[in-house]
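# What the coordinates show
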Amino acid sequence: MTLRSAAMFKDHLGDPTGAVVARAPGRVNLIGEHTDYNDGFVLPTIVDRHVEVVARKRIDRKVRVVAADLGERCEQDFDGTIDYTGFGWLPYVLGVAHELVQRGRMDLGVDIIFRGTVPREAGLASSAALEVATALALDAVFNLWLNPADMARLCRDVEHRYAGVRCGIMDQFASRLGRPENALLIDCRSLDARHVPMPLDNHRLVIVDSGVRRERVDSAYNQRRTECEEAVTRLREADDPITSLRDVTLGMLAEHKDLLPPDLFIRCRHVISENNRVADACESLANGDLAAFGRLMNASHFSLRNDFEVSHPALDRLVEEAIQVDGVLGARLTGAGFGGCTVNLVTETALPDIERQLAPFIDHWPAQSIVVGTPEQARVTEVIA
Ligand code: GLA
């Protein structure tokens, strides 16, 4: 049986009276990959895995953080130099707290304990869920009343400043604003977000974890971002008033092909075509045409594999095997790539068939698969009396 939040806090950090419990979900991106930092469009939804944070204000300026699942703990002082090394999770939790201190929103220290069910480094945004759950808890503890979009932006800034990943806004936005049974269409330029109902009927989203965890994903990710920026700089030579790949059409790209080396050309082709696919995917959801949605997922995967080159043989294998199964409408890698998970759109009756087909290629089926059940949206769940 899992320990209640109050008992967990008490075991590690003392009296839990007044502590706030907050939860934030992981996300699976349905389509729109590597488009967010190009001012483009993304369409993620939340999953039924979350991170829970319990936080309580202190009377001094110390901060104590416990990672309950890992048995790790650290103690620091906001008046000293904050050290972000030591534990992989530190930049996310401490980064949110420190950022709020620096913005003058938190004047006292805090005790924090967290645990979670989002698999780490699997492309399901466990770090965003940790940032958002931490921000929600601190928001309630210190009465900050941050609006959801500002909170998501703060969490994204934390990732840039303290974790060194130049990510886009998708993960933090999805974790903070996503709702069950809806996808979230985000215009990453204006940051307008719209809930898009997902009429899945007798279909399910199945997430399959390849088990591959590639090291230095962060540097490969940052490199892709740099490549996109370089492409924009070169395309500007054509006098087009563009500020990001969002402003470029496939026609413009073809016209200015000579301005780009071949590898940058195909990176751009992915981003631009992927933005188009997000628009088409929304239309197919509105029309209840899941078959069309599935075809777009497949096309997205092949573009990520061939043009953006962020796939991995294990992911390609899972996708190629899955789409051979009758009743699998579409499959693609999800998240940054280089390892992690695939997301599959599957007719309910075909669930045993996809399981049989993929079992030889993953270690612990079904432990490594998640049929997206009913997720919970990010919220403060309790204030401990
Ligand atoms: C990671 C980043 C996101 C996004 C995806 C790729 O999840 O955190 O901002 O760029 O990769 O679509």
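Here the structure is shown first, and the text comes after it.
The following paragraphs examine the structure supplied in this document. Since the model is a prediction, treat every value here as computed from it, not as a measurement. (Residues numbered from 1 in each chain as written. Predicted model: local features only at pLDDT ≥ 70, side-chain atom pairs only at ≥ 80, totals over all residues. Heavy atoms only, no water.)

### Concerning the environment of Gly-164
- Structurally, Gly-164 is set in the loop between helix H4 (148-163) and helix H5 (170-177).
- Looking at Gly-164, the relative accessible area reads 39%, which means it is partly exposed.
- Here the alpha-carbon distance between Gly-164 and Asn-222, two residues 58 residues apart in the chain, equals 9.0 Å.
- Beyond its immediate sequence surroundings of up to four residues, Gly-164 is in contact with Glu-159 and Asn-222. (Helix = DSSP H or I, 4+ residues; strand = E, 2+ residues; numbered from the N terminus. Buried < 20%, exposed > 50% of the residue type's maximum accessible area, 1.4 Å probe, protein only. Contact = heavy atoms within 4.5 Å.)

### Things to note about the site of the ligand
- In the vicinity of the ligand, the contacting residues are Arg-27, Glu-33, His-34, Asp-36, Tyr-37, Cys-167, Gly-168, Met-170, Asp-171, Tyr-221, Gly-335 and Ala-336.
- Glu-33 places a side-chain nitrogen or oxygen 2.7 Å from an oxygen atom of the ligand.
- Within the contact set of the ligand, an oxygen atom lies 2.7 Å away from a side-chain nitrogen or oxygen of Asp-171.
- In isolation the ligand exposes 310 Å². Once the protein is present, 93% of that is buried.
- Broken down by class, the residue content of the shell around the ligand amounts to 5 nonpolar, 3 polar and 4 charged. (Near = heavy atom within 4 Å. Polar contact = N/O pair within 3.5 Å; in protein donor to acceptor, adjacent residues only side chain to side chain. Areas by Shrake-Rupley, 256 points an atom, 1.4 Å probe, with all protein chains shown as cover. Nonpolar A, V, L, I, M, F, W, Y, C, P; charged D, E, K, R; others polar.)

### Remarks on the pattern of salt bridges
- Taken as a whole, this structure holds 33 salt bridges when the rule is applied.
- A salt bridge links Glu-99 to Arg-103, with the shortest nitrogen-to-oxygen separation between them at 3.0 Å.
- Residue Glu-99 is classed as buried on the basis of its relative accessible area of 3%.
- What makes Arg-103 partly exposed here is its relative accessible area of 39%. (Salt bridge = Lys/Arg side-chain N within 4 Å of Asp/Glu carboxyl O.)

### Quick notes on the pairing of strand S10 (residues 341-347)
- Counting buried residues along S10, 7 of its 7 residues qualify, which places the element largely inside the surrounding structure.
- Residues Cys-341, Val-343, Leu-345 and Thr-347 line one face of S10 and the alternating positions Thr-342, Asn-344 and Val-346 line the opposite face, and both faces are buried.
- For strand S8 (residues 203-209) and S10, the ladder comprises 7 bridges, and the chain directions are antiparallel. Residue pairing across strands places Ile-207 opposite Val-343, the latter belonging to S10. (Pairing = 2+ DSSP bridges.)

### A short note on the side chain of Ser-5
- Tracing the sequence through the fold places Ser-5 in helix H1 (residues 5-13).
- Only 3.1 Å separates the side chain of Ser-5 from the side chain of Glu-52, close enough to count as a polar contact.
- Other than its neighbours up to four places away in sequence, Ser-5 contacts Val-21, Glu-52, Val-54, Arg-115, Glu-382 and Ile-384.

### So, the packing of aromatic side chains
- The full count for this structure, using the stated rule, is 4 aromatic pairs.
- Relative to Tyr-221, the ring of Tyr-37 has its centre 5.4 Å away and its plane inclined at 70 degrees; by these criteria the two rings are edge-to-face. Linking Tyr-37 in the loop between strand S1 (20-31) and strand S2 (41-57) with Tyr-221 in helix H6 (residues 217-236), this pair joins segments that are 184 residues apart in sequence.
- For Tyr-221, a relative accessible area of 9% translates into the label buried.
- Between Phe-87 and Trp-89, the aromatic rings sit 5.0 Å apart at their centres with planes inclined by 5 degrees, giving stacked as the arrangement.
- Phe-87 gets classed as partly exposed once you look at its relative accessible area, which sits at 24%.
- For Trp-89, a relative accessible area of 6% corresponds to the buried category.
- Among the aromatic residues, those joined into a cluster by ring pairs are Phe-87, Trp-89 and Phe-114.
- The positively charged end of Lys-257 is found above the aromatic ring belonging to Phe-265, 4.8 Å away from the centroid. (Phe/Tyr/Trp six-rings, centres within 6.5 Å; stacked < 30°, edge-to-face > 60°. Lys NZ or Arg CZ within 6 Å of the ring centre and 35° of its normal.)

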